[in-house]
Amino acid sequence: NWSERFNILLVGCDTREDMYLGSRSDTMILLNVDTKNKMLRTMSIPRDTWLAIPGHATMDKINSTINEDYFSDGGIGLTLRTVEQLAQMDTKLYVKVDFVAFKKIVDAIGGIEYEVEKDMVYVDPTDGTNINLKAGLQMLDGDKALQYVRFRNDGMGDFARDTEGEVHGRVSRQANFMMAVAKKLTTIRNIFTINQLIQIGVK
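Okay, so let's go over this structure. These numbers come from a predicted model, not from an experiment.

1. Quick look at the packing of aromatic side chains
Given two aromatic rings, their pairing is described by the distance between the two centres and the angle made by the two planes. Under the criterion given, the structure shown has 5 aromatic pairs. Their ring planes at 75 degrees and their centres at 5.1 Å tell us that Tyr70 and Phe71 sit as a pair that is edge-to-face. Of the residues examined, Phe71 reaches a relative accessible area of 7% and is grouped as buried.

2. Considering the sheet that holds strand E6 (residues 93-98)
With respect to topology, 4 strands assemble into an open sheet ordered E3-E2-E1-E6, the strand pairing being mixed. Lying at the two open borders of the sheet, with one neighbouring strand each, are strand E3 (39-44) and E6. On average, each strand axis in the sheet is inclined to that of its neighbour by 20 degrees, with strand direction left out of account. Sheet analysis places strand E2 (residues 25-34) next to E3, joined by 6 bridges and oriented antiparallel. Of the residues in E3, the one forming a bridge with Asn32 is Arg41.

3. Quick look at the environment of Gln138
Relative to the assigned elements, Gln138 resides in strand E10 (residues 136-140). A sequence separation of 22 residues divides Gln138 from Val116, and the C-alpha atoms of the two residues are 7.4 Å apart. Those residues in contact with Gln138 that sit more than four places away from it in its chain are Ile112, Glu113, Tyr114 and Val116.

4. Describing helix H3 (residues 142-150)
The element H3 is largely enclosed, with a buried count of 7 among its 9 residues. For H3, the complete set of buried residues consists of Gly142, Ala145, Leu146, Gln147, Tyr148, Val149 and Arg150. Of the residues that open H3, the one with a side-chain oxygen 3.3 Å from the backbone nitrogen of Asp143 is Asp141.

Rules used in this analysis
- Residues numbered from 1 in each chain as written.
- Predicted model: local features only at pLDDT ≥ 70, side-chain atom pairs only at ≥ 80, totals over all residues.
- Heavy atoms only, no water.
- Phe/Tyr/Trp six-rings, centres within 6.5 Å; stacked < 30°, edge-to-face > 60°.
- Buried < 20%, exposed > 50% of the residue type's maximum accessible area, 1.4 Å probe, protein only.
- Pairing = 2+ DSSP bridges.
- Helix = DSSP H or I, 4+ residues; strand = E, 2+ residues; numbered from the N terminus.
- Axes fitted to C-alpha atoms, helices over the stretch in contact; angles between N-to-C directions.
- Contact = heavy atoms within 4.5 Å.
- Polar contact = N/O pair within 3.5 Å; in protein donor to acceptor, adjacent residues only side chain to side chain.

Quick look at the structure:
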């Protein structure tokens, strides 16, 4: 029953207001919402996942599908079709945010208290990336939250699985953090905050 269980694709794009990098999906998480059993399941899709592109006789990275300059029919529609083919699940709904919107959303809900599992330090002056987080329980505002979900400059990169089968790396951190955001969103009753989130979403 569609009304009881449906999928939403969360897409975080690497676009920033102070520089032009083209459109690239930096984060992709498929959310399965089960309203009947009140459950939220997540499946992170690494941005470098190599697969067949629907309607094209080619293989490519999944994050290239959202780029209108890369594929003739590129954009969120092609991304959704590619995810449907990969996951074998109907996926018509999506939420697409860029770096600026992500920071605004986290700030609008008052930040997220979160356990940063290790020190995270990485600087790239070519694109303005500056990540500097200390390990430990702390309140992450929008800027720090973005640093956390973007960090991948360790031995685990985007995706790694240990000998016990547990997944680590950036995609795992992103999924865990978005679950923390979703949990906090369910507690929001302040109409001012809700209006802020709506305004961020429609820009």
